[in-house]
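Next come the chains, spelled out residue by residue.
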Amino acid sequence: MCGIIGYVGVDEVVPVVLDGLRRLEYRGYDSAGIAVVGAGEIRILRAAGKLRNLEQRAYHEPLHGTTGIGHTRWATHGAPTEANAHPQRDVSGAVAVVHNGILENYSDLRAELIEAGVDLTSDTDTELIAQLIGREKGPLPERVRAILPRLHGQYAVVAVFKDEPDVVVAFRQGPPLVIGIGEDEAIVASDVVALLHRTREVLFLDDNEIAVVRRDGIELLDSAGDHVERSTETLDWDAGRVEKGGYRHFMLKEIFEQPDAIRNTVVSHLDAARSGVILDGLGFDPEKMDKIRRVHLVACGTSWHASLVGKFLIEKLCGLPTDVDYASEYRYRSPLLRDDTLVIGVTQSGETADTLAAMSLAKSQGSLLGTVCNVRGSSAWREADATILTQAGPEIGVASTKAFTTQLVAMLLLALALRKHGGGADELDTELVHQLQTLPVAIEKTLSMERATFRRATEMLSGAPNSLFLGRGILYPIALEGALKLKEISYLHAEGYPAGEMKHGPIALLQDGFPVVSLALNTATREKLLGNLMEVRARGASVIAVAEADSKAVDEIADLVLPVPHVHPLLQPIVAVVPLQLLAYNVAVELGLDVDQPRNLAKSVTVE
Ligand code: M6R
């Protein structure tokens, strides 16, 4: 939520910051702003709406300087107006800040500042941070350090100062901040995607640390004001992966990147002979693993759907009872945690606030904590004892695609590793490892599906305000995921349901032409699912089925089949979701919607 950036260097700051904001716009797009330090003052430009509005202002009202900050907003406190856009500054114009997060003691601080006679100009909690810093006196890090105990809640803040034109200061509690160190320059950002094109040498700021960033070095302090030593890390992501590369949208590019993303994820977790899974070096302590008797998977959104598939896999392959929880529920429901419980936070970004809170709860209760995560260096990656890193590369489209399929792969790898550790591996494991390696080819086949097939499916869905997605067993989570994809980018209501439950309520929705999308692959319960689809047809509804290309029984019932190749039943979720991603994408494009930046959403939900 919200993209923030700060730059100090030798280049003109406005193009650098605008470029960074463009790369961060997926984190929020309600308003944007920039502040530049120079000629003894801080000058600010802000605009409501998308970044292009700010870019136009910056073109007509040029600002010059080599130090500055920028922000792209996902509104929390205050409407998405220009007055509430960041940067916000204090009354005297001494300091300007950009902020990602929420101050929980907003009302108290606001009342206190009004009482003290401060003339507030916005409804934001961010302005309060600027005002508090502006009222402090003394040397620079102290002015910031002094206010930290006053801030309750979540914040990542980057600030610039009128009297220190060659410095940006960054501090955080919760939402991420990364500092890139380049030649004669440094960039602070809420995500590495904003700085990858300038440097790959980075330093991740920890909670309660303050970074005083200059173009020739960084001073890190803890909350007591003591110096912290930390060396930089070199990122292995390639800058080209955060460009659209000829595709119309990031989402489409990311859908087509799935064969490679899956290939890389599989290969990075196989042994040298590529015949078995290894989790060596990932932090899974063998002694602690011996104790595992139960698994908890905690996640949000699409990652929660991947966890539901994970439950099937872990219970089937390892016989370990597995619970799946929404992280936002888990953290408040006093889960039964013991040292025989493996808790896995499943998160693409590694920065989702609820997932992180659920993970830290598990850690505090002594459970073995793992994460399935896509971002090396992220908060989840740093919090967990053990990490299975998905190799999807940067995912920019707000609707998650390649991160999801690589999470499904990671779930299978985890289940196989737990099974091997428990001594249960046999020829099924060899078969699954082999199938995982041929999976990218199966996905490629699905991606080459006839355009005409999609055109028809798109017509059927884009004209209907409601639709139902049905699946059973391991494909039920894929029905949920297909419905979520459609909802979030096309704004059409779609409900994912277990097919056997349809008769207990949703069947009342069915009428002539009502679209029902079903996962009708060859599973143990396909006959039952086909029975459910007959009931759908009997009520005049239309059936779109995802099924293997040669499924006669499905052809006879469905109005339209989206074909996928045959794969092992435990891998079916991975191939089955791809046509649903493409379907949602095509419907959103057909409706003329902003696929990569759907309304009200942000890529990383870093506030509760
Ligand atoms: O980064 P995370 O995997 O923790 O994010 C969780 C959800 O916010 C995310 O999956 C969200 O549901 C996506 N927009 C789905 O496409």
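Look a little higher up for the structure.
Residues numbered from 1 in each chain as written. Predicted model: local features only at pLDDT ≥ 70, side-chain atom pairs only at ≥ 80, totals over all residues. Heavy atoms only, no water.

Draft legend 1. Inspection of the packing of helix α13 (residues 402–421) against helix α19 (residues 572–590) at higher detail. Contact geometry of α13 with α19 gives a least axis separation of 10 Å together with a crossing angle of 170°. The angle between α13 and α19 falls in the class roughly antiparallel. Packed against α13, whose contacting residues are Phe404, Thr405, Leu408 and Val409, the element α19 presents Pro573, Ile574, Val577 and Gln581 at the interface. Taken together, the residues of the contact of α13 with α19 break down into 6 nonpolar, 2 polar and no charged. (Axes fitted to C-alpha atoms, helices over the stretch in contact; angles between N-to-C directions. Helix = DSSP H or I, 4+ residues; strand = E, 2+ residues; numbered from the N terminus. Parallel < 35°, antiparallel > 145°, perpendicular 65-115°, else oblique. Contact = heavy atoms within 4.5 Å. Nonpolar A, V, L, I, M, F, W, Y, C, P; charged D, E, K, R; others polar.)

Draft legend 2. Up close: the sheet that holds strand β2 (residues 31–38). Here we have 8 strands laid out as an open sheet, ordered β3-β2-β4-β1-β10-β9-β11-β14, and antiparallel in their pairing. Edge strands, defined here as strands with exactly one partner in the open sheet, are β3 (41–48) and β14 (233–234). Note: strand β1 (residues 3–8) against strand β10 (residues 185–189), 4 bridges, orientation antiparallel. Residue Ile5 lies in a different strand from β10, and its bridge partner there is Ala189. Sheet contacts for helix α1 (residues 13–24): β1, β2 and β4 (67–73); angle to β1, the most-contacted strand, approximately 155°. Packed on one face of the sheet, helix α2 (residues 51–60) meets β2 and β3 and runs near 135° to β3. (Pairing = 2+ DSSP bridges.)

Draft legend 3. Broad picture of the nonpolar core. Ranked by size, the top nonpolar core spans 90 residues in total, and within it Leu436, Leu439, Ile478, Leu519, Leu562 and Leu571 carry the most contacts. Among the domains, domain 2 (250–447) and domain 3 (451–590) are the pair contributing at least three residues each to this core. With 37 residues, the next largest nonpolar core counts Leu21, Leu51, Leu63 and Ala189 among its residues. (Core = buried A, V, L, I, M, F, W, Y, C linked by side-chain atoms within 4.5 Å. Buried < 20%, exposed > 50% of the residue type's maximum accessible area, 1.4 Å probe, protein only. Domains from an automatic or database assignment.)

Draft legend 4. Molecular detail of the packing of aromatic side chains. With the rule as written, the count across this model stands at 3 aromatic pairs. Geometrically, the ring pair formed by Trp304 and Tyr326 is stacked, given 3.9 Å between the ring centres and 15° between the ring planes. You can see Trp304 sitting in helix α9 (residues 301–318) and its partner Tyr326 sitting in strand β16 (residues 322–326), a full 22 residues away along the chain. When its relative accessible area of 12% is taken as the criterion, Trp304 is described as buried. It is Arg599 that lies over the ring of Tyr491; its NZ or CZ is 3.9 Å from the centre. (Phe/Tyr/Trp six-rings, centres within 6.5 Å; stacked < 30°, edge-to-face > 60°. Lys NZ or Arg CZ within 6 Å of the ring centre and 35° of its normal.)

Draft legend 5. Layout of the site of the ligand. As a matter of local geometry, the ligand sits amid 13 residues, with Ser303, Gln348, Ser349, Thr352 and Glu488 nearest to it. The contact in question runs from an oxygen atom of the ligand to an N or O atom on the side chain of Ser349, over 2.6 Å. Contact distances for the ligand include 2.4 Å between an oxygen atom and a side-chain N or O atom of Glu488. Considering the ligand on its own, with 410 Å² of exposed area, one finds that the protein chains cover 91% of that surface. Taken together, the elements giving at least two residues each to the shell around the ligand come down to α9 and α16 (476–490). Looking at the shell around the ligand element by element, the count peaks at 3 residues for α9. Its residues assigned to classes, the shell around the ligand comprises 3 nonpolar, 8 polar and 2 charged. (Near = heavy atom within 4 Å. Polar contact = N/O pair within 3.5 Å; in protein donor to acceptor, adjacent residues only side chain to side chain. Areas by Shrake-Rupley, 256 points an atom, 1.4 Å probe, with all protein chains shown as cover.)

Draft legend 6. Region of interest: the pattern of salt bridges. On inspection of all chains with the given rule, the structure shows 35 salt bridges. Salt-bridge contacts for Arg145 lead to Glu142; the nearest nitrogen and oxygen are separated by 3.2 Å. Remark: Glu142 and Arg145 occur in helix α5 (residues 140–145); sequence separation between them is 3 residues, near one turn of the helix. With its nearest N and O atoms 3.0 Å apart, the salt bridge here joins Glu535 to Lys503. Placement of Glu535 in helix α17 (residues 526–538) and of Lys503 in the loop between β21 (493–498) and β22 (515–519) is noted, with a sequence separation of 32 residues between them. Given the relative accessible area of 21%, Glu535 is considered partly exposed. According to the relative accessible area criterion, Lys503 is partly exposed, its value standing at 49%. Counted as one network, the salt bridges with shared partners bring together Asp19, Arg22, Arg23 and Glu55. (Salt bridge = Lys/Arg side-chain N within 4 Å of Asp/Glu carboxyl O.)

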